[in-house]
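Residue-level listing of the chains:
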Amino acid sequence: MGGVRSLAVTSVFYRRLGLALGLACGAGSGLGQAVDFERQIKPLLSDRCFACHGPDKKARKADLQLHTQDGAMTVVAPGKPHGSELYRRITATDPDDLMPPPDSRFALSGQERELIRRWIEQGAEWKAHWAFVPLGDVALPALGRAAWPQNEIDHFTLAKLRAAGVEPSPLAKREQRLRRLSFDLTGLPPTLAELDAFLTDASPAAYEQIVDRLLDSPRLGERLAVHWLDLARYSDTYGYQVDRNRFVWPWRDWVIRAFNDNLPYDDFLTWQLAGDLLPAATDDQRLATTFNRLHPQKVEGGSVPEEFRVEYVADRNHTFGTAMLGLTLECARCHDHKYDPISQKEYYQFFAFFNNIDEAGLYSYFTPSIPTPTLLMTDAAAKQKIADAQKEVAAEEARLAKVNAAAGEAFEKWLAARPAEAVLPGQIGHFPFDEFTGGKLANLAPESKPASSSQKNKIVSGKTGNALRLTGDDGVNLGIGNFKRTAPFSVALWMNTPHHKERTVVFSRSRAWTDAGSRGYQMLLRDGRLSASLIHFWPGNAISVRTKAKLPKNEWHHVTITYDGSTRAAGLKIFVDGNRAETESHKDNLYKNITGGGGDTIVIGQRFRDVGFAGGVVDDFRVFDRELTGGEVAQIHDGGSLAALLAKPAEALGQAERATLRDYFLATANEPHTAQLAKLRTARERVTQLLDGKGEIMVMEEMRLKQRETFVLNRGVYSARGERVGAATPSALSPFPPGAPGNRLGLAQWLVAPENPLTARVAVNHFWQLCFGEGLVRTPEDFGTQGKRPTHPALLDWLANDFIDHGWNVKRLLKQIVTSATYQQASETRPALEALDPENLLLARAPRHRLSAEMIRDNALASSGLLSRRMGGAGAKPYDLTESFKPMGHDKGEGLYRRSVYTFWKRTGPAPVMMALDAAKRDVCRAKRENTATPLQALVLLNGPQFVEAARTLGERMVREHGDNVGAMVRDTFRTLTSREPSEREAALLRRLHDEQLAVFEKDGKAAAAFLSVGERRLANGLAKPRVAAAGVLAKALMNFDESVVKR
Amino acid sequence: MSRRGFLNSFGMGLGGIALGSLLQPGALLGATDGRGVMGAPHFAPKAKRVIYLFQSGGPSQLDLFDPKPTLIEKHGTELPEAIRRGQRLTAMSGNQASLPLVGSPFKFAPRGRSGVEISDMLPHISGIADDLCVIRSMHTEAINHGPGVTHMQTGSQFPGRPSIGAWLNYGLGRVNDNLPSFVVMVTKGKGGQPLVSRLWGSGFLPSENQGIRFRSGADPVLHLQNPDGIGRKSRRLMLDRLRELHELQYAGNPDAEIESRIAQYEMAFRMQASIPEVTDISGEPEHVLREYGGDVKKPGTFAANCLQARRLAERGVRFIQLYHPGWDQHGSLPGGLRTQCRETDQPSAALVRDLKQRGMLDDTLVVWGGEFGRTNYCQGSLGKDNFGRDHHGRCFSLWMAGGGTKGGTVVGQTDDYGYNVVKDGVHVHDLHATLLHLLGIDHERLTFKYQGRDFRLTDVHGHVVKGALA
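The model shown is predicted, which means the values in this text are computed figures rather than measured ones. (Residues numbered from 1 in each chain as written. Chains lettered and ligands numbered in written order. Predicted model: local features only at pLDDT ≥ 70, side-chain atom pairs only at ≥ 80, totals over all residues.)

Describing the overall build of chain B
Part 1 of the argument: Counting its secondary structure elements, chain B contains 15 helices and 17 strands.
Part 2 of the argument: Scaling as 2.2 N^0.38, a compact globule of 470 residues should have a C-alpha radius of gyration of about 23 Å, and chain B matches this with 24 Å.
Part 3 of the argument: Dimensions of chain B, computed from the C-alpha atoms along their principal axes, are close to 80 × 55 × 40 Å.
Part 4 of the argument: When the 470 residues of chain B are sorted by exposure, 60% land in the buried category.
Part 5 of the argument: Restricting to contacts in chain B with at least 6 residues of sequence separation, those with at least 24 account for 75%. (Helix = DSSP H or I, 4+ residues; strand = E, 2+ residues; numbered from the N terminus. Rg over C-alpha atoms; globule rule 2.2 N^0.38 Å. Buried ≥ 20, exposed ≤ 12 C-beta atoms within 10 Å, placed from the backbone. Contact = placed C-beta atoms within 7 Å.)

Quick look at the structure:
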């Protein structure tokens, strides 16, 4: 008990402690003592009454609300328990009258009833829930003379300690403070050099200098990021069942960078929520929004896309709520929140902020497309190259216009000697569908192959000769049509549809619908309207146009789509019965290739897991490898109009007719035009090449052409749409800033406005938790009425105010915390204190808890000298990934020794070492980890190759440096792993350990060699293996010693 | 009490071997103590342990447990809209233009004295018909594997909730000091729909409640074996010194966390002996091995895992979860089903028989079933001897044996088309409520407060299936 003062345990102490800790005092004890509404009554009402008499309107019984003062006072007469219906009902003897109902699990104990009686008797004081009350001015508690405080924090903690009659603990030992500080700020142990320097530095500023040095270390960002990655459910794979790898680590590196650059926390939040909406958003600001896309994503075949899309938006909403607001928004998804003032409608108003991106419910199984919206990963040089190439395209387009304008003379010449026949060059497929030959259907185009189809598709009488009636389950494969997005092409057919379904595939060049992100091109009937699209990934990386008019049912119509190779919706045209149809653009944002993914040829009438053209009839199907002109389309439709024009005397041609012929001339007979088209195509291909070579990352980007509507979803079910709602914040919280936009940027402005009662409190609580293991609010995920109250409410508010007043400066906040006397206390407990405050709610000592998974592994690597300090990049794969539930090969060399924040995170089978040591699973947002001690952890630390290799490597260094001086070796190993000197007895014990092991290894040289070959790192030559092995076991033992793995 | 005195009084003087069983379980396992929050069951349990033989992928009830003469009669005709009533299908067959009904090509017959009808595909399971309670009216909202399996194992279609075994650990605590109470084994080398570790996860419950997966092979538990070059004796020597070091530390700072650390290492050391003991089947007599079939000697097969399950059950492991993937017959159902049945039929029946012979079936609940059933119509094209069935959540079959269930019974009924439940439907939540009931737990009273609300395995649903109880 050295140095720990004993407590004066008196009845007064117990009572004061009970009060200070927020314990409900039993009936009979402390009579006349003031009942605290917030601490004692509100939780009771919330827990036992709100389920039926709380914020949920639908669940509310007898129209009684006990969550508002007005409601409660209808059944409470302040000062008169026996005149209060509430008290009468909770003490009723008739079980029909008794509340809560005796057969429910909400029954009140006698003590609880007495507490309510006293509360009413004392005037039924009512206060709004603390976390929803705006931050007010907080005065420092008056302490009189007090030498202990180092800064303001200590005024609050000391005031509370004094009220409880408890002394703070003494200052922790110097080496302990340094070790604690190093782990808390950088996640790594101090080096022995740092330790020695600090131990010998007598200057009063020594501690602060270390704090400043650590705050400036790039290791700080790596340490702080781990917690944010848990909140952001960061993972290098998509999750759910199939769980493919995904490219999101640039976001993780941004987080680390943001912490190291000390990006103000309000910006840190704003960028992540709405960086894309900031004026002139930088790539970094857009990259930050990847935060919202890190939820699990689905690819499993047969899933309903909308079900999962809704799940993604909900996850965004919940993560925002938990990480930034400390609210359990998810509780209001299916009904009004039972405990907090958030209605179901308000839940969906939040939801609306996150709903307006052009995303799919499933990612693509057959292609590696990145789910949209995305950000292209480019640096300045690449951006310049792309811009230059795009400029070149514009220049070639201008030249094309010039060439066309200059073709007047040539046109007149041609007109004078034009061909008589309407030749349509470039036809690469022509399928009349007149008869089956085997499973083949003839192709009339020169040098071509026939189409193939199941004969379940039937030959029927058609528009021209016979036609093909489709089953909808059997496709007709034309064997041609793998066009790039830079290639002009046209497709024409006669079709007759018996129905107008929500969706019907007429034809496509695509492996599958959702399972390939619709990669390719396609023509569909959507509710009877023709829709043509070119797609890299549907819906965000595509162009798509749709006719305004419906195609009449049960009639033959001729349909042509033409495309000019421009990658613009305006370049995609639909013709019906020879005339250009009026269309609207649905998507106009294609920036990657449309080839690939399989299904390289046009298939009519069916697509994998899509809705086939059942009962549809098609005839005379033609494919061209160029953009047809209007005259040509008309010619195909009526078989004669272009020919008629060609035959018509020049002087008889009207304006429009001349224009039609001119287009035909340019497209088919004008050499300069053809040559310029080729140049333009080359320029476009250059852009395509540049873009296709760039990676993409999922980000947020608002839908521009059309906003997505948001509805209340009854029972939270994706398909049960109720009332339509817009984006808004809940009425019980601070008002939406006047003039702020009604989108995520406005949401961010609302979030970080000083009026918001939650954001700063939640933020400082996270950072407090990083240093103390527990927050001032011990339910960091729930600041609502069912969460825990702050242990030090005034301190929390003071810190939050101060944080806002100083520009949300994270490093400054951390410095305040770690330089406080509260933080620097010893962690040893005192028996009386342990008995009375086992959870350390008073902060009468520093906390002690096992280091996090990352710290334990990084500590082993750092102590042994194996740690790589390289920052950023793709996830590293250490040894244990081969043992994961979804095993994968481990890295060679440096990748084995990188900091754990960089460990590749596979959602369905995370790194076993991380899992054994209680790292968050990252399926969903988590604000706090557990801290357990299990035998499985012991097995990992004792036997896992990472830890064995680290131990033997440390042993090797010890032998190299100390030879057979076992005493020096023991001291050095001990200090390296615990940051302190061993006592005489400890040193003797460890020498014995070493000698015993040495004896074992000297007897069994093979064992020593085997032990020293665990892991990839080769042992240096010339060292006695038994000695190195024994030193390795010594290190191993100490790596498992409490003071090596527990922060004390 | 001095540290030395403390240790002596707990029998730790020599080598610390007996420590774990005497020390407070709470010290061993951290956050919640090993005794479980319930202390005792809510009422007298019928079952003390569960062996859940999860058949992942969705076994075809229409070809195994739920005979439908009507489908044979109407084979090849379209699924009537009057039966389907617009219910959602998966996006795999939902857009098919034609949905032809498929009658099962496999023969059904009444089995045992009870006459429960089971198909010829399962001759061994047919042989234990009088021990089975077949539920033909299981139903779920899930229509895809991920949500379906997650629902069956955690009571929710979406990730994040604790699994059944984790709830039991949390409620009832640890049984055996040398073995985990919740063990998971997955048949090795099967393709099929992937399984994920959250299926035996602890969700928001403390993580020590999660299932421990036994892998086939030398290291059933991660890093159970000492590294190369470290023998059990030299490890013991090291641990003895480490313990002494911790005792010294404790003398200066009497902190329960240090005791807990000592216990943690001692239990790990004991597990290094107890787990190889349980996974070593060399002592099993040949006639027992023969019962489980030829696969039993191949580590990681379903047969080997069934035998392992019995050995774990004997040693007090409470929840043993097996997974056998591969039941996802979208196409080529007859061939695929044959393979699945060959792998599982004999070992499943052998396990029930083996338990019965040892007098353990009375208090061991065996559950056999998947996450949903399969459609009465064909997915893809209906061939002469070939067809496939898509996922179907409206009805499916599952059986239980022992542990207080009523043998030789059928619960529930589906319509003549095998499409909808018409009598005594059993939802996933009802199955969970029943399972907990058999273990002496009121499913409404085993709760955990998380994010401000009380959660339970059955969420806000669930009724005990009375007809399944003996």
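A closer look at the overall build of chain A
Part 1 of the argument: Scanning chain A for helices and strands turns up 36 helices and 24 strands.
Part 2 of the argument: By the burial criterion, 53% of the 1048 residues in chain A qualify as buried.

Observations regarding the environment of B:Pro80
Part 1 of the argument: You can see B:Pro80 is positioned in the loop between helix 5 (69–73) and helix 6 (81–84).
Part 2 of the argument: According to the C-beta neighbour criterion, B:Pro80 is partly exposed, with 13 such atoms within 10 Å.

Re the domain arrangement of chain A
Part 1 of the argument: Per the domain assignment, the segments making up chain A are domain 1 (34–127), domain 2 (425–627) and domain 3 (853–916 + 933–1048).
Part 2 of the argument: Placing the centre of domain 2 of chain A and that of domain 3 of chain A at their C-alpha centroids yields a distance of 63 Å. (Domains from an automatic or database assignment.)

Notes on the nonpolar core
Part 1 of the argument: Counting 373 residues, the largest nonpolar core has A:Val618, A:Val764, A:Leu1034 and B:Val366 as the members making the most contacts within it.
Part 2 of the argument: The element best represented in this core is helix 35 (residues 1025–1039) of chain A, accounting for ten residues.
Part 3 of the argument: Once residues lying within four places of it in the same chain are set aside, the contact partners of A:Leu1034 are A:Gly955, A:Val970, A:Thr973, A:Leu990, A:Leu993, A:His994 and A:Gln997.
Part 4 of the argument: Of all hydrophobic cores here, the second largest spans 19 residues; its members include A:Ile41, A:Leu86, A:Ala124 and A:Tyr339. (Core = buried A, V, L, I, M, F, W, Y, C linked by C-beta atoms within 7 Å.)

Let's talk about the domain arrangement of chain B
All names here are of chain B.
Part 1 of the argument: Along its sequence, chain B is carved into domain 1 (34–216 + 299–468) and domain 2 (225–284).
Part 2 of the argument: Taking only C-alpha atoms into account, the centre of domain 1 sits 38 Å from that of domain 2.
Part 3 of the argument: Listed per partner, the contact involves nine residues of domain 1 and nine residues of domain 2.
Part 4 of the argument: Residues that form the side of domain 1 that touches domain 2 fall into these classes: four nonpolar, two polar and three charged. (Nonpolar A, V, L, I, M, F, W, Y, C, P; charged D, E, K, R; others polar.)

Details of helix 12 (residues 249–260) of chain A
Residue and element names in this part refer to chain A.
Part 1 of the argument: Compared with an ideal rise of 1.5 Å per residue, which puts twelve residues at 16 Å, helix 12 spans 17 Å between its outermost C-alpha atoms and is within 8% of the ideal.
Part 2 of the argument: Along helix 12, the residues classified as buried are Trp251, Arg252, Trp254, Val255, Ile256, Ala258, Phe259 and Asn260.
Part 3 of the argument: If you follow the buried residues of helix 12, they end up packed against helix 11 (219–231), helix 13 (265–274), helix 14 (283–288), strand 20 (696–698) and helix 26 (810–818).
Part 4 of the argument: Note on helix 12: the residue one or two positions beyond its end, Asn262, has a positive phi of about 55°. (Expected span 1.5 Å × (residues − 1).)

A word on the interface of chain A and chain B
Part 1 of the argument: Chain A puts 76 residues into the contact, and the matching count from chain B is 62 residues.
Part 2 of the argument: The set of elements that each furnish at least two residues to the side of chain A that touches chain B consists of helix 29 (912–916), helix 30 (935–943), helix 33 (984–1003), helix 34 (1005–1011), helix 35 and helix 36 (1042–1045) of chain A.
Part 3 of the argument: Of the residues that constitute the side of chain A that touches chain B, the class distribution is 33 nonpolar, 22 polar and 21 charged.

Observations concerning the packing of helix 24 (residues 759–772) of chain A against helix 25 (residues 793–805) of chain A
Each packed pair of helices is defined by two parameters, the angle between the axes and the distance between the axes.
All names here are of chain A.
Part 1 of the argument: Running from amino to carboxyl end, helix 24 crosses helix 25 at an angle of 105°, the nearest separation of the two axes being 8 Å. The pairing of helix 24 with helix 25 is recorded here as roughly perpendicular in orientation. The segment helix 24 lies against helix 25, with Ala760, Arg761, Ala763, Val764 and Asn765 engaging Leu796, Leu799, Ala800, Phe803 and Ile804.
Part 2 of the argument: For the contact of helix 24 with helix 25, the class distribution of residues is eight nonpolar, one polar and one charged. (Axes fitted to C-alpha atoms, helices over the stretch in contact; angles between N-to-C directions. Parallel < 35°, antiparallel > 145°, perpendicular 65-115°, else oblique.)

Here we look at the sheet that holds strand 5 (residues 451–453) of chain A
Residue and element names in this part refer to chain A.
Part 1 of the argument: Here we have ten strands laid out as an open sheet, ordered 3-4-5-8-18-10-11-12-13-17, and antiparallel in their pairing. The sheet terminates laterally at strand 3 (436–437) and strand 17 (583–589), the two strands that pair on one side only.
Part 2 of the argument: Examined bridge by bridge, strand 8 (residues 476–477) and strand 18 (residues 603–604) share two bridges and lie antiparallel to one another. Paired with Asn477 across the bridge in strand 18 is Val603. (Pairing = 2+ DSSP bridges.)

Brief notes about the packing of helix 19 (residues 630–638) of chain A against helix 21 (residues 655–669) of chain A
Residues and elements named next belong to chain A.
Part 1 of the argument: Two elements in contact, helix 19 and helix 21, have axes separated by 7 Å at closest approach and are oriented at 100°. Taken together, the axis directions place helix 19 and helix 21 in an arrangement best described as roughly perpendicular. Here Gly630, Gly631 and Glu632 of helix 19 lie close against helix 21, whose contacting residues are Thr660, Leu661, Asp663 and Tyr664.
Part 2 of the argument: Of the residues in the contact of helix 19 with helix 21, the class split is two nonpolar, three polar and two charged.

Focus on the pairing of strand 4 (residues 132–139) of chain B
Residue and element names in this part refer to chain B.
Part 1 of the argument: For strand 4, the buried fraction is high: eight of the eight residues fall into the buried class.
Part 2 of the argument: In this sheet, strand 11 (residues 396–401) lies alongside strand 4 in antiparallel orientation, the contact comprising five bridges. Following the sheet pairing, Ile135 is matched in strand 11 by Leu398.
Part 3 of the argument: The sheet contact formed by strand 4 and strand 12 (residues 409–411) spans three bridges and is parallel. Bridge pairing in strand 12 links Cys133 to Thr409.
Part 4 of the argument: Strand direction decides the pairing type here: strand 4 and strand 15 (residues 426–427), joined by two bridges, are parallel. For Met138, the partnering residue across the bridge sits in strand 15 and is Val426.

Regarding unusual backbone geometry
Residue and element names in this part refer to chain A.
Part 1 of the argument: Backbone torsion omega between Thr372 and Pro373 reads -5°, so that peptide bond is classified as cis.
Part 2 of the argument: Note on placement: Pro373 falls in the loop between helix 16 (344–355) and strand 1 (374–376).
Part 3 of the argument: Residue Pro539 is reached from Trp538 by a cis peptide bond, and omega for that bond is 10°.
Part 4 of the argument: Structurally, Pro539 can be placed in the loop between strand 12 (529–537) and strand 13 (541–550).
Part 5 of the argument: The phi dihedral of Asp527 falls on the positive side, at around 50°, and the residue is not glycine.
Part 6 of the argument: Counting through the fold element by element, Asp527 comes out in the loop between strand 11 (520–526) and strand 12.
Part 7 of the argument: C-beta crowding within 10 Å serves as the criterion here: with 12 such atoms nearby, Asp527 is assigned to the exposed category.

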